[in-house]
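# Structure assessment
Okay, here's what each chain looks like letter by letter:
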Amino acid sequence: MALLKLNNLEMTYGKGDTMVHALRNINLEIEKGDLIAILGKSGCGKSTLLNILGAVSKPKQGSYFFEEIEVNKLNMHDAARFRNKNIGFVVQHFALIKELTVRENVGLPLVYQSCKKRDIERRVAEVLKLLEIDEKANRYPTELSGGQCQRAAIARAIITNPEVILADEPTGALDEENGKNILNIFKALNEKGTTIVLVTHDMEIADMCKRKICLRDGRII
């Protein structure tokens, strides 16, 4: 059985003459351990699809199953719990809180899960070492390079051991060398069993993924 399954998904914004069809008749299965690139021009629905997979947005029609959970029927509270347990997000511009240190940013999802302080400290130390930024633990995001910020963002995304990582243009704000380093991190996580779905404009990055999904005008082509 697929880990994630979308059936006849539709997403619209606005009403009447101003209605925009962001996604049209999306049918998609994602297996556990997949490494998928979502491709398409700006405005084709890539980020909308990612937000639905992450239970940030609900589709107007259709269904979204995560194993046995029908995610589109979850209320706001349960959707937030689902996200925190199962989904790790990585975005292009890192979304780190500038007033918090790297250690505090990375540990935030565990704070939301009401984990014990010693468990948070242990897990944060593990993932910072894994991402090779443990020496930056007490620095603030403004004191880091772009590549270091993205490593911190990935550390935060994997701190809860999520089943799925959703990455929206994760290398878009980085130079070529740092972009390749970040992609290698994703590949290493995928080899350990994490399912990864990433949005990219870069065909070279897409070619390094196991599957490609191309969107045009809200449809899978």
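See the structure above.
Residues numbered from 1 in each chain as written. Predicted model: local features only at pLDDT ≥ 70, side-chain atom pairs only at ≥ 80, totals over all residues. Heavy atoms only, no water.

### Points about helix 6 (residues 176-191)
- Here helix 6 contains 16 residues, and its C-alpha end-to-end distance of 23 Å stays within 8% of the 22 Å for a straight helix at 1.5 Å per residue.
- When helix 6 is considered as a whole, its buried residues turn out to be Gly179, Ile182, Leu183, Ile185, Phe186, Leu189 and Asn190. What you see down the axis of helix 6 is that its buried residues fit within an arc of 150 degrees, all on one side. Facing away from the buried side of helix 6 by over 90 degrees, the exposed positions are Glu176, Glu177 and Glu191.
- In this structure, the buried side of helix 6 is in contact with strand 3 (35-39), strand 6 (87-91), helix 5 (146-158), strand 7 (164-168), strand 8 (195-199) and helix 7 (203-207).
- Regarding helix 6, its N-cap is aspartate 175, as a side-chain oxygen of that residue lies 3.3 Å from the backbone nitrogen of glutamate 177 further along. (Helix = DSSP H or I, 4+ residues; strand = E, 2+ residues; numbered from the N terminus. Expected span 1.5 Å × (residues − 1). Buried < 20%, exposed > 50% of the residue type's maximum accessible area, 1.4 Å probe, protein only. Arc of directions from axis to C-beta. Contact = heavy atoms within 4.5 Å. Polar contact = N/O pair within 3.5 Å; in protein donor to acceptor, adjacent residues only side chain to side chain.)

### Side note on the sheet that holds strand 6
- Taken in spatial order, the 6 strands line up as 6-7-8-3-9-10 in an open sheet, and their pairing is mixed. Across the chains shown, the open sheet's two edge strands, defined by having one partner strand only, are strand 6 and strand 10 (219-220).
- Pairing between strand 6 and strand 7: 5 bridges, direction parallel. Residue pairing across strands places glycine 88 opposite isoleucine 165, the latter belonging to strand 7.
- Here helix 5 sits on the sheet in contact with strand 6 and strand 7, set at roughly 165 degrees to strand 6. (Pairing = 2+ DSSP bridges. Axes fitted to C-alpha atoms, helices over the stretch in contact; angles between N-to-C directions.)

### A short note on the sheet that holds strand 2 (residues 20-30)
- Here we have 4 strands laid out as an open sheet, ordered 2-1-4-5, and antiparallel in their pairing. Unpaired on one side and paired on the other, strand 2 and strand 5 (69-70) mark the two borders of the sheet.
- Of the strand pairs in this sheet, strand 4 (residues 61-66) and strand 5 are connected by 2 bridges, and their pairing is antiparallel. From the neighbouring strand, phenylalanine 65 faces strand 5, where its bridge partner is glutamate 70.
- Each of strand 1 (4-13), strand 2 and strand 4 touches helix 1 (residues 46-53); the most contacted strand, strand 1, lies at about 125 degrees to it.

### Points about the pairing of strand 2
- In this structure, strand 1 lies alongside strand 2, joined through 7 bridges in antiparallel fashion. Bridging across to strand 2, threonine 12 finds its partner in histidine 21.
- Following strand 1, the chain reverses through 6 residues before pairing antiparallel with strand 2; glycine 14 in that reversal takes a positive phi of roughly 80 degrees.

### Looking at unusual backbone geometry
- Backbone geometry at phenylalanine 94 places phi at a positive 75 degrees, although glycine is not the residue there.
- Structurally, phenylalanine 94 can be placed in the loop between strand 6 and helix 3 (102-112).
- Positive phi outside glycine occurs at glutamate 169, with the angle close to 50 degrees.
- Looking at the element boundaries, glutamate 169 is found in the loop between strand 7 and helix 6.

### Some thoughts on the packing of helix 3 against helix 5
- Close contact between helix 3 and helix 5 brings their axes to 7 Å; oriented N to C, the two are set at 30 degrees. In terms of orientation, helix 3 and helix 5 fall into the roughly parallel class. Helix 5 is crossed by helix 3, and the crossing has right-handed handedness. Residues Val102, Asn105, Val106 and Pro109 of helix 3 lie in contact with helix 5, whose contacting residues are Ala152, Ala155 and Arg156.
- Per-class residue counts for the contact of helix 3 with helix 5 are 5 nonpolar, 1 polar and 1 charged. (Parallel < 35°, antiparallel > 145°, perpendicular 65-115°, else oblique. Left-handed = near helix turned anticlockwise from the far one by under 90°. Nonpolar A, V, L, I, M, F, W, Y, C, P; charged D, E, K, R; others polar.)

By themselves, these figures tell us nothing about what the structure is for.
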